[in-house]
Amino acid sequence: MSKSRTITEPAREIPIVTEADVVVCGGGPGGVPAAIAAARHGARVVLIERYGFMGGLATAGLVAPILAHKAHAADFAIVEGILREITERMHALGGAPRWEETLKVWGINFDAECLKIVLDEMCQEAGVELLLHSYIADVARDGDEIAAVLVENKSGRQAVGGKVFVDATGDADVAFRAGAPTTHGRAWDGRPESMGSFIHLAGFAHPDEARKKEIAARVQAEMAAGRLSFYNPGFLNRNDNQLDHTSANMTRFGGDSDNAADMTRAELSIRRDVWTLVRFLRTSVPGFENCYVQQLSPQVGPRESRQIVGPYALNGDDIHLGRKYPDAIARGSWWIDIHCPLGNTYPVHLCRKECPKGTDCPFFAAEYERMRSYEELYPPAGDWYDIPYRCLLSVGAPNLLSSGRCISATHEGMAGSRVMGTCVALGQAAGTAAALAVKQGIAPAAVDVTGLREMLRRDGQLV
Ligand SMILES: Cc1cc2nc3c(=O)[nH]c(=O)nc-3n(C[C@H](O)[C@H](O)[C@H](O)COP(=O)(O)OP(=O)(O)OC[C@H]3O[C@@H](n4cnc5c(N)ncnc54)[C@H](O)[C@@H]3O)c2cc1C
């Protein structure tokens, strides 16, 4: 692609199609709860989503299960509120286990199609105005403040005005377009965690545990020989809500998810990897002759891209030490889970001191002293870490809040806080804070956090 030529975009008037109190940008695990919470607290809310459905990576990425709804290495909940409501509503439709059952296993398994309808219904019941199939392409500012986001859809370019904006795009698109400070990936070289797609495979009888191990060993041997390209051989993992197929998280690609060229390479590469696996299974593993790809996630999933810069950045020590804060608005329990930014570097799984690549990796060679060993990745057992309200603010745009995986956090901090249980808790907090700010006519930074925490507790959240 030519880099030297440029064109000038013609200046044009853009209609403001709607004006809301709170504009939630992105309908993923961080966005939907923000919209529901703000609307339930009386704000007029518009939620803008580029796809025709909500759920973000939980639906478009087929990511499951929802993690970090309970304390680390313990069976008590640390996130309830809207997350529990979503789970109970999915359970009523046969798309998730009972809430109490989810506390006995490591995550909340669910049916992605069931999640879509539950989110539709909850938004509609709360009175959220939905604008689907609309891509946020730019931001209009009025001084420091964001005045409107500009969306592209089949009607053309439209503006959606608002008083408070919640950036739940995952990639901090709103902050970035507004020129508010953002960071990208790890501090050393800007590289983010690798991305990945979930695969659903069907067309075979689910093997027992012994046979599962045997097949995984065969897949691993192919990986070691360089004939299959994955970071783990676990294609026989299963989302227990769907007994007719497996749901595997084994693909990986190193690149920037806020770069369309990298995303294009990722999609092509992962599709090729998955079909190499299917061909291997069909031809070499008895019982898998009719195996097929029931579904590959519609989009490759980014684990990390941009973070909004707020007055405080959640960091690795917060996670490892299980730190608590007086302005906590959400709890997390997932650990510092950094998927090697280089992608499928088998046998490397995570970025940590015990990396088998050793000094072959430039990061390892230069940053060894600052890397964490295995034991330093986890929060204390039976505990959690708090996420302070300051992580939801932007130092560059006073009427912007963040939610989900683009909150203010370091590379290590976001490696724990990015999982969906935590994103839902962050969303409920961001939406409640946005509604409070609108009601009181103040900036989100001026919201009384003690009052915010009381509201969250009244709404069933654990803070
Ligand atoms: C391979 C992989 C495995 C994972 N495994 C797990 C797991 O097992 N359990 C777990 O809990 N978490 C897991 N995660 C993490 C988790 O899925 C995400 O971090 C989480 O979904 C983030 O939620 P979010 O709402 O911040 O962002 P997203 O889920 O990315 O949602 C963002 C939403 O905003 C929309 N959007 C983005 N940009 C725009 C725009 N410009 N205009 C309009 N709409 C826009 C998107 O379409 C999307 O709906 C995994 C992630 C990956 C990639």
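See the structure printed just above.
Residues numbered from 1 in each chain as written. Predicted model: local features only at pLDDT ≥ 70, side-chain atom pairs only at ≥ 80, totals over all residues.

On a plain count of helices and strands, the protein comes out with 12 helices and 16 strands. A compact globule built from 463 residues would reach a C-alpha radius of gyration of about 23 Å, and the protein, at 22 Å, matches this within 12%. Taken along its principal axes, the extent of the C-alpha atoms in the protein is 65 × 60 × 45 Å. For the protein, buried positions account for 51% of its 463 residues. Contacts spanning at least 24 positions in sequence make up 74% of the contacts within the protein whose residues lie at least 6 apart. (Helix = DSSP H or I, 4+ residues; strand = E, 2+ residues; numbered from the N terminus. Rg over C-alpha atoms; globule rule 2.2 N^0.38 Å. Buried ≥ 20, exposed ≤ 12 C-beta atoms within 10 Å, placed from the backbone. Contact = placed C-beta atoms within 7 Å.)

Reading across from one edge, 11-10-12 is the order of the three strands in this open sheet, with antiparallel pairing throughout. Of all strands in the sheet, those with a lone pairing partner are strand 11 (246-248) and strand 12 (292-296), marking the two edges. Looking at each pair of strands side by side, their axes are set apart by 30° on average, direction ignored. The sheet contact formed by strand 10 (residues 199-202) and strand 11 spans three bridges and is antiparallel. When the sheet's bridge partners are listed, H200 is paired in strand 11 with S247. Each of strand 10 and strand 12 is contacted by helix 7 (residues 260-284), which is oriented at about 155° to strand 12, the strand it contacts most. (Pairing = 2+ DSSP bridges. Axes fitted to C-alpha atoms, helices over the stretch in contact; angles between N-to-C directions.)

Once that is clear, we can look at the site of the ligand. Not every one of the 38 residues close to the ligand is listed here, only the nearest: G26, G28, G56, G301 and G404. When residues of the shell around the ligand are traced back to their parent elements, those giving at least two are strand 3 (66-67), strand 6 (135-142) and helix 11 (420-440). Tallied by class, residues from the shell around the ligand come to 17 nonpolar, 14 polar and seven charged. (Near = placed C-beta within 6 Å. Nonpolar A, V, L, I, M, F, W, Y, C, P; charged D, E, K, R; others polar.)

With that settled, the discussion passes to the environment of C423. In this fold, C423 is placed in helix 11. With 35 C-beta atoms counted inside 10 Å, the residue C423 sits in the buried group. Ignoring sequence-local partners within four residues, the contact set of C423 consists of P29, G30, G404 and R405.

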